[in-house]
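# Residue-level structure breakdown
So the chains spell out like this:
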Amino acid sequence: MAAPPLSSWPWASLGSFFFFFFYLIKLINYVLYGAVVWKVAEEWRQQGAAPVGSWWLHLLLLFAARGFTYQFWFSYGNMLFFTRRRRVVPDSVDFRQVDAEWDWDNFLLLQTLIGATLVGSPAVARQQLLLPSLKQAWDPRGWAIALLLHVLVAEPLFYWAHRALHRAPLFSRYHAAHHHASVTTPLTAGFGTPLESLLLTVVMGVPLAGAFLMGVGSVGLVYGHVLLFDFLRSMGYSNVEVISPRVFQAVPLLRYLIYTPTYLSLHHREKDSNFCLFMPVFDLLGGTLNHMSWELQKEVYLGKNDQAPDFVFLAHVVDIMASMHVPFVLRSCSSTPFANHFVLLPFWPVAFGFMLLMWCCSKTFLVSSYRLRGNLHQMWTVPRYGFQYFIPAAKKGINEQIELAILRADRMGVKVLSLAALNKNEALNGGGTLFVNKHPELRVRVVHGNTLTAAVILNEIPSNVKDVFLTGATSKLGRAIALYLCRKKIRVLMLTLSSERFLKIQREAPAEFQQYLVQVTKYQPAQNCKTWLVGKWLSPREQRWAPAGTHFHQFVVPPIIGFRRDCTYGKLAAMRLPKDVQGLGYCEYTMERGVVHACHAGGVVHFLEGWEHHEVGAIDVDRIDVVWKAALKHGLTPA
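Residues numbered from 1 in each chain as written. Predicted model: local features only at pLDDT ≥ 70, side-chain atom pairs only at ≥ 80, totals over all residues. Heavy atoms only, no water.

A count of helices and strands for the chain gives 27 helices and 15 strands. Per-residue burial for the chain yields a buried fraction of 54% across its 639 residues. A separation threshold of at least 6 residues defines the contact pool for the chain, and within that pool the share at least 24 residues apart is 70%. Accessible area for the chain stands at about 29,300 Å²; split by element, carbon and sulfur atoms hold 63% of it. (Helix = DSSP H or I, 4+ residues; strand = E, 2+ residues; numbered from the N terminus. Buried < 20%, exposed > 50% of the residue type's maximum accessible area, 1.4 Å probe, protein only. Contact = heavy atoms within 4.5 Å. Areas by Shrake-Rupley, 256 points an atom, 1.4 Å probe, with all protein chains shown as cover.)

Once that is clear, we can look at the sheet that holds strand S2 (residues 365-372). Read from one edge to the other, the open sheet built from 6 strands follows the order S5-S4-S1-S3-S2-S13, with strand pairing classed as mixed. Where the open sheet ends on each side, the last strands, each with one partner, are strand S5 (445-447) and strand S13 (581-582). Contacting S2 and strand S3 (375-385), helix H18 (residues 348-361) runs over the sheet at an angle of about 95° to S3. Relative to the sheet, helix H19 (residues 395-412) contacts strand S1 (311-317), S3, strand S4 (416-419) and S5, its axis offset from that of S3 by approximately 160°. (Pairing = 2+ DSSP bridges. Axes fitted to C-alpha atoms, helices over the stretch in contact; angles between N-to-C directions.)

Taking 1.5 Å per residue as the helical rise, H19 with its 18 residues ought to reach 26 Å, and the 26 Å between its terminal C-alpha atoms agrees with that figure. Listing the buried residues of H19 in full gives Ile 398, Asn 399, Gln 401, Ile 402, Glu 403, Ala 405, Ile 406, Ala 409 and Asp 410. Buried residues in H19 make contact with S1, S3, S4, helix H20 (426-429), helix H21 (433-438) and S5. Gly 413, located one to two residues past H19, shows a positive phi value of around 90°. (Expected span 1.5 Å × (residues − 1).)

Here we take up unusual backbone geometry. At the junction of Ala 168 and Pro 169, the peptide bond is cis and its omega measures out at -5° in the coordinates. A positive phi angle is found at Asn 274, which is not glycine, with a value near 60°. With respect to the secondary-structure elements, Asn 274 resides in the loop between helix H14 (261-270) and helix H15 (281-286). Taking relative accessible area as the criterion, Asn 274 reaches 2% and is therefore assigned buried. Positive phi, close to 55°, is recorded for Arg 373, a residue that is not glycine. As for its placement among the helices and strands, Arg 373 is situated in the loop between S2 and S3. Under the relative-accessibility criterion, Arg 373 is labelled partly exposed at 39%.

Our focus in this paragraph is empty space enclosed by the protein. Per the stated rule, a full pass over the model turns up 3 cavities of 30 Å³ or more. The volume enclosed by the largest cavity comes to roughly 270 Å³. If you trace the largest cavity, you find 25 residues lining it, with Asn 78, Ser 92, Val 93, Pro 327 and Gly 585 closest to the centre. Ranked by residue count, the leading element in the lining of the largest cavity is helix H3 (residues 55-78), at 4 residues. Classifying every residue of the lining of the largest cavity gives 11 nonpolar, 12 polar and 2 charged. Domain assignment of the residues forming the lining of the largest cavity places at least three in each of domain 1 (52-302) and domain 2 (311-447). (1 Å grid on protein atoms, 1.4 Å probe; cavity = no way out; pocket = protein on both sides within 12 Å on 5 of 7 lines; lining within 4 Å. Points joined across faces, edges and corners; volume = space filled by probe spheres on them. Nonpolar A, V, L, I, M, F, W, Y, C, P; charged D, E, K, R; others polar. Domains from an automatic or database assignment.)

Here we come to the side chain of Glu 101. Mapped onto the elements of the fold, Glu 101 is located in the loop between helix H5 (95-100) and helix H6 (106-119). Among the polar contacts listed, one links the side chain of Glu 101 to the side chain of Arg 331, at a separation of 2.8 Å. Setting aside its immediate chain neighbours within four residues, Glu 101 contacts His 180, Thr 185, Leu 187, Thr 188, Phe 191 and Arg 331. (Polar contact = N/O pair within 3.5 Å; in protein donor to acceptor, adjacent residues only side chain to side chain.)

Turning to the packing of aromatic side chains, a few remarks are in order. Within this structure, the stated rule accounts for 23 aromatic pairs. Measuring from ring centre to ring centre gives 5.4 Å for Trp 532 and Phe 552, while their planes differ by 70°; the resulting arrangement is edge-to-face. Taken together, the positions of Trp 532 in strand S9 (residues 531-534) and Phe 552 in strand S10 (residues 551-554) put the pair 20 residues apart, joining distant regions of the chain. You can call Phe 552 buried: its relative accessible area is 0%. (Phe/Tyr/Trp six-rings, centres within 6.5 Å; stacked < 30°, edge-to-face > 60°.)

If you check UniProt for "transmembrane region" (unreviewed entry), the listed places come out as residues 12-35, 55-76, 142-161, 198-228 and 342-359 in our numbering. Between the first and last C-alpha atoms of residues 198-228 the distance is 19 Å; the span itself is 84% helix and 0% strand. Helix makes up 67% of residues 342-359 and strand 0%, whereas the separation of the span's terminal C-alpha atoms amounts to 26 Å. (UniProt positions renumbered as here; feature names shortened; annotations may be inferred.)

Moving on to the side chain of Asn 239. Following the sequence through the fold, Asn 239 ends up in the loop between helix H12 (219-236) and helix H13 (245-250). At 2.9 Å, the side chain of Asn 239 and the backbone oxygen of Val 89 are in polar contact. When near neighbours in sequence (up to four residues on either side) are disregarded, Asn 239 contacts Arg 86, Arg 87, Val 88, Val 89, Val 183, Thr 184 and Pro 261.

Looking now at the environment of Ala 473. One can find Ala 473 in the loop between strand S6 (467-470) and helix H23 (476-487). Separated by 22 residues in the primary sequence, Ala 473 and Leu 495 have C-alpha atoms spaced 6.0 Å apart. Each residue touching Ala 473, except ones within four places of it in the same chain, is listed here: Gly 478, Arg 479, Met 494, Leu 495 and Ile 505.

This part takes up the sheet that holds strand S15 (residues 637-638). Strand order across the open sheet formed by 3 strands is S14-S12-S15, with antiparallel pairing between neighbours. Of all the strands in the sheet, the pair left with one neighbour each is strand S14 (595-597) and S15. Two elements, strand S12 (residues 574-576) and S15, share 2 bridges in a ladder whose sense is antiparallel. What sits directly across from Met 575, in S15, is Pro 638. Helix H26 (residues 598-609) contacts S12 and S14 of the sheet and is inclined by roughly 95° relative to S14.

Here S6 runs beside strand S7 (residues 491-495); their pairing, made up of 4 bridges, is parallel. Across the sheet, Leu 470 pairs through a bridge with Met 494, a residue of S7. In the sheet, S6 pairs with S9 via 2 bridges, with the strands oriented parallel. Across the sheet, Leu 470 pairs through a bridge with Leu 533, a residue of S9.

Next comes the structure, spelled out in structure tokens:
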């Protein structure tokens, strides 16, 4: 059955088949927009300077400003450390919604191309409806006419058209996709069918057209009206209350003149009320006003929707580029595994500035959240970067940040807090023992999660392997892996220069298995071993000692670079969260969608099992299989 006209974008069917096409399709969209860029470039070349008197240039600038407006509200709404308490719907956006709204800016492209068509129309040029207005930067009469037309024409037109879209069969054909999720974001505002985009174009264009037809249009009116329209629309979809209830208490009439994010969220949730564009007075007149709107708005603004987490994963920033891989920067980047996207390079200086700012005055902050079996899981981030953990003078400050986060979690009633990567470094805090010993009354269970990390690495090793080469052999993970493998009668070549550390680990093994632990001080003894367990970074020269066909299993951060084409390289130890996870729309560093670091997963298992002990310090080798079976039991799977 053919789709109804104007119910889908021409390229939508391609994107539904191949995720790779998302980027390609976006590129094609902007190529269509290239005609406007070419026109500006031509005028620039002909005039020898920036064509400030060109509507083509203003179309480009307006497009950029509109995109920034939606990005501003998107970033603000996802800065959970600012907005968590005033979120209308506390849940997070999942990957399905991210993919559905991938082409949210289609309406911006469409409206800009419509504007370009009008500017380039010979009829418009002959009537001189637009071009002379460039000489007029500001005309109060135009603003007055635009406001009048917005209230008398645009608002009621949108209201009745919107109500019509909620009736069969229009809803299922044209508007149901816009209501695909209960959690709105500013990008949801742009997501819709071509028919909806054309409707918004007419609604937004009527006041402008009226002002220009009456000869009182101006450049300032175009920028002001369009950007204010986008500002109010993205504010309403931001899912964060920004208007204090005291404003409505002081001026009761105002509640009928401006809507709120709660007002719009109620419409998306219930779908039978609150149809207005920006002014609830039309819902009042049409009998579709949800009278709970302002009571709920007050509750949201006062933080009554706020909920303490049950589980916290305490991460840290890896480096400056990775600091931009967060949900409040670019969703197209954060919803895919981290990579050094070229689009992020211009923002590097800004990210560097934020690094200095966080180093000076920031505290641990909330980054993302999801739900698992009714429990709220959150990721907090210590405002320190990977290189800072290796600065001796920074050690005390980092531990203070981690300690404050643990105490805060304890006050909030968090059940389990899992430490990520460098936050549990042995040299930093003894794998978390510093905090547990200092605060023996802690109710929150502090977990390093390395028991599951060891289990993931060990279960990746083929069952027929007879010997392995282990770097980082005397680290917490290296020790546990060596002791576990020797019990399986697997020969472990432990690379370490410290005979004292090696002998200490060897003595921990049962006497009959100690012979399987062998100290080596160079890479040469591993030149016939095809299973390398990498816990210490390897240079290209060191990797050359591995024989062809070697597989490098890794538990080193950052992961080593694969220089050998005749070898294979494993990823960092990770596990896929259970299928019933909700609200997950953020990729954890280089992990695939739905996959988290093994230490993160280890904390999740600790929470789901309800274990009452802290998991800090050395890894209990006897618990590796116990934790692994518990992870599989709860639906976590190897990644």
